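Geometric and topological summary
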Amino acid sequence: MEIFLDVILPIPLQKAFTYHITEAEADFIKVGMRIAVPFGKNKIYTALAYQIHNNPPVAYEPKTIHQILDEKPIITESQLKHWEWIAGYYMCSLGEVMRASLPNALILESETIISRNEDITPKDAELKDDEFLIIEALQYQTSLKIQDVISILDKKRVLPVIKEMVEKGLVQLHEELYEKYQPKLVRYVKLDEVFRTEEKLQELLELLSRAPKQREVVLSLFTLQARSNKPIKLSELTKTSGASTAIVKALIDKTILKEYHIQIDRVQFEGEADGAIKELSVEQNDALNAIENHFEEKSVTLLHGVTSSGKTEIYVNLIQKQLEQGKQVLYLLPEIALTTQLVERLQYYFGEKIAVFHSRYSSNERVEVWNNLLSQKTKAQIVVGARSAVLLPFSDLGLIVVDEEHEQSYKQFDPAPRYHARDAAIVLANFHKAKVLLGSATPSLESYFNASSGKYGLVELTKRYNNVLMPEIELVDLADKHKRKRMKGHFSDRLIEEMTIALHESQQIILFQNRRGFSPIVECLTCGHSPQCPNCDVSLTFHQYRNQLRCHYCGFNTIMMTNCEACGNATIDTKGFGTEQIEEEVKVLFPEHQVARMDLDTTRGKFGFEKLITNFDQGEIDVLVGTQMLTKGLDFRNVKLVGIMNADNLLNFPDFRAHERSYQLMSQVAGRAGRTDLRGKVLIQTYNPHHKILQQVSTNAYNEMFTEQMNDRYNYHYPPIFRLIKITFKHKDYNKVNAASDWFATSLRQVFKANVLGPEFPPISRIRNLYNKNILIKIPQNQSLAKTKEAIMKIHNSFNAVKDFRPVRVVLNIDNY
Ligand code: ADP
Ligand code: ZN
């Protein structure tokens, strides 16, 4: 009987692809091993073995596989089940989930190899110059890569040359796989075994008396060995002996020393984990017990604890108990910026049991975490990571902590899979019969709704640790301040007063403004023209620091003009303000103090955040100006004052979650103030001091906010009462987007009636030259989600059958955030 193998390919293919395998291959292959397979025109892909069976595919003749790449699976069974859930729930392919999960270096890539056609011996005279160079190079080596050809010919466009040579039969092309993961090897040295005896050793030292430098190296080796019994690194030896590597190499060549390699992990924890776990306060202890009681019956518990109530220390206690049982723990954070502070804190307790996984790690570093986790090393018993860490190969999870569970960055926006890491974590925990602890000072309405309806356990901490008072929040009326001329730039007299006091007391200050750049609007005072991005429907933001106008959606930039590009007058004005302008103004107001800025523009690069956070932590910065980035759970000791420069543009954001978000954001920024003994102070500048959300923020009235917002969600049929699916249509042709989305909406309305909204253009209707139009489907609680998706897929399939619509990209977003 014939045997077939279905594989997952790392591309958006709806179905698994089938290959023909031999009986021997079938015996060897296990689900989850990597298999190199041919796909399309002589391309080779890394796929994952998915299913072995006897049913030939109907639509095509199956090819044979190219090569089996692993000896055992590189993913776990429960992981694969979890991937399947993600693909099903978020309506994407398993291949897309695979692509998002596997570190790049595990997906081998094929590369085109060029080699001589031995049957033909060309005459030099018949060859063009480029061809001659390539043939000549192939006399010295058997094959060349495209990259080699580029450097040999010293030009970029080499494909036409190669193509012509293939046509003339001079060379052949084929694909070869290459491994991208490079283990990191460290060089070690030891004395050759013959010198084990005292006698031989004496002989050696005598022999070396004529080479004193070499003798010195051998003696240093002894010293090092005497100090500890550990293997000795070559670098250590050269450092201790003061000898050059050439001298050591001479000893290796003489076979006196032996060189060997040990593979090490790139990221290693060097310190000692000797921190004793803090003794919990009475409130914390009660909370811990309550959480454990809920876990007896419920798999998910929400810990709602005000900022600085000591939630992290409770997590630490729970983690400790899991480690004692030999279980794995996943600790999810919304943002990589947060990992530094937290990892340090956790390492203090758990040392090298912690593995960190996030997108700023290199692909090689991520492979190491993956492998350590896969082989269940204690080195990766606790994984701290952002969103994508839920996709890792866990085998024995006991607990998942989702810190700052309300953060929207847990939802992946682009590309597929558009999953919500908190929700995916809850499903993952189910596969492992593990527990999930959601933590936040400002829970999402979703989670608080689930907790108050009894689906999740609910535990609340209403006081800060050590009875530190919640910060005092004052609303500053900007309209009034402007009227009475009490403003300097964007600073009210109250803010300046409080800043002066804080700085005078050597306390630190955080200023929050949710826009980066200098000013978001540039406008000509004569003709009203304002420069637009050529690719997107937005006006350009002025960045004074680089004297540029930049688009925050596509990165387009151009030099700031002095004259209006429309009317030519030198009457260009800037309106609105971003972090850059605030930073400038602080420098003018408080010239003797250090100010720094934390936003996307200042935190690029692997250690961008770390540097700023460390500098601020160590008191080298007095005033930190920043965007959202500042809000996320950072624990600074010395911040006395927080200023929110303008609350209104948060509140007026056109989204049904705008009020919930504003509440969360402002409470979180406010929570950075006064975390130790001194009571903190927060000033919120606004034109609407009577806005109910601002009132709720200033009185810390989460429950009131929850009840009011939930009323709106009931009345207007929004989550968590109704589910949402957003369908986005993208194309560069405006009319096509309109026609396609109209057609789709009409079909949807036949099934879902009034629960279909749109199509409608979002506030920014064109991004990177593509028009976007959205349809929103609201799904009542009693309507089957599976049936809803089925109906959408059916309509999508008929949509794809219309030739005109096919080029329009359709993006499905489940539980749109
Ligand atoms: P949260 O996570 O709720 O914002 P943290 O866990 O960061 O709060 O705690 C706030 C501060 O209080 C931290 O600096 C932490 O070290 C300290 N802290 C919390 N609990 C204890 C405890 N039981 N003993 C000593 N210090 C504590
Ligand atoms: Zn743009």
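Residue indices begin from 1 for each chain and proceed along its sequence in written order. Going through the entries in the order they are written, you letter the chains from A and number the ligands from 1. Where local features are concerned, this predicted model is filtered to residues with pLDDT of at least 70; where side-chain atom pairs are given and counted, the filter is 80 or more; whole-chain, interface and lining totals use all residues. The side-chain numbers reported here are obtained from all heavy atoms of the structure, hydrogens and water having been left aside.

Things to note about the site of ligand 1
The test is simple: By convention in these notes, a residue is near a molecule or strand provided one of its non-hydrogen atoms lies within 4 Å of it. Under the rule applied, a polar contact is a pair of N or O atoms within 3.5 Å (in protein, one hydrogen donor and one hydrogen acceptor; residues adjacent in sequence only if both atoms are side-chain atoms). Exposure was quantified through the Shrake-Rupley algorithm and a 1.4 Å probe, taking into account, for residues, occlusion by the shown protein chains and nothing else. Note on conventions: DSSP H or I runs of at least 4 residues are helices, E runs of at least 2 residues are strands, and numbering of each starts at the N terminus. Each residue gets one label: Ala, Val, Leu, Ile, Met, Phe, Trp, Tyr, Cys and Pro are nonpolar, Asp, Glu, Lys and Arg are charged, and the others, such as Gly, are polar.
Not every one of the 16 residues close to ligand 1 is listed here, only the nearest: E279, Q284, T312, R345 and Y465. One of the side-chain N or O atoms of T312 is found 2.7 Å from an oxygen atom in ligand 1. The side chain of R637 places a nitrogen or oxygen atom 3.2 Å from an oxygen atom of ligand 1. Protein contact buries 85% of the 550 Å² of open area that ligand 1 shows by itself. It is helix α12 (residues 311-324) that provides the largest number of residues to the shell around ligand 1, a total of three residues. Taken together, the residues that form the shell around ligand 1 break down as three nonpolar, five polar and eight charged.

A closer look at the pattern of salt bridges
Formally: For salt bridges, the criterion is a side-chain nitrogen of Lys or Arg within 4 Å of an Asp or Glu carboxyl oxygen. To sort residues, take the accessible area from a 1.4 Å probe on protein chains only and compare it with the maximum for the residue type: under 20% means buried, over 50% means exposed, and anything in between is partly exposed.
Scanning the entire structure with this criterion turns up 33 salt bridges. Here D253 makes a salt bridge to K249, at a shortest N to O gap of 3.3 Å. With D253 and K249 both in helix α10 (residues 245-253) and four residues apart, this pair spans about one turn of that helix. With its nearest N and O atoms 3.0 Å apart, the salt bridge here joins R345 to E313. Placement of R345 in helix α13 (residues 339-350) and of E313 in helix α12 is noted, with a sequence separation of 32 residues between them. Taking relative accessible area as the criterion, E313 reaches 8% and is therefore assigned buried. A single salt-bridge network, built from bridges that share partners, covers E472, E474, R494, E497, E498 and K681.

Examining the UniProt feature "binding site: Zn(2+) 2" (unreviewed entry) in the protein
Put simply, the rule is: UniProt positions are given in the numbering used here, feature names are shortened, and annotations may be inferred rather than shown by experiment. Only heavy atoms matter for contacts: two residues are in contact if any of them lie within 4.5 Å across the pair.
The feature "binding site: Zn(2+) 2" (unreviewed entry), as annotated in UniProt, sits at C533, C536, C551 and C554 in this numbering. Annotated residues spanning 22 residues; largest pairwise C-alpha distance 8.7 Å, indicating a single compact cluster. Within the fold, C551 resides in the loop between β25 (548-550) and β26 (557-559). The exposure class of C551 is buried, given its relative accessible area of 3%. Those residues within four positions of C551 in sequence are excluded, and the remaining contacts are C533, C536, V538, L540 and F556. Within the secondary structure, C554 sits in the loop between β25 and β26. When sequence neighbours within four positions are dropped, the list of residues in contact with C554 reads C533, N535, C536 and R768.

Overview of the environment of H490
Within the element layout of this structure, H490 appears in the loop between β20 (487-488) and β21 (491-492). Judged by relative accessible area, H490 falls into the partly exposed class, the value being 21%. With 88 residues separating them in the primary sequence, H490 and G578 have C-alpha atoms 10 Å apart. Not counting chain neighbours up to four residues away, the residues in contact with H490 comprise F577, Q581, I582, E585, M645 and Q685. Within the structure, H490 has its side chain in polar contact with the side chain of E585 (distance 2.8 Å).

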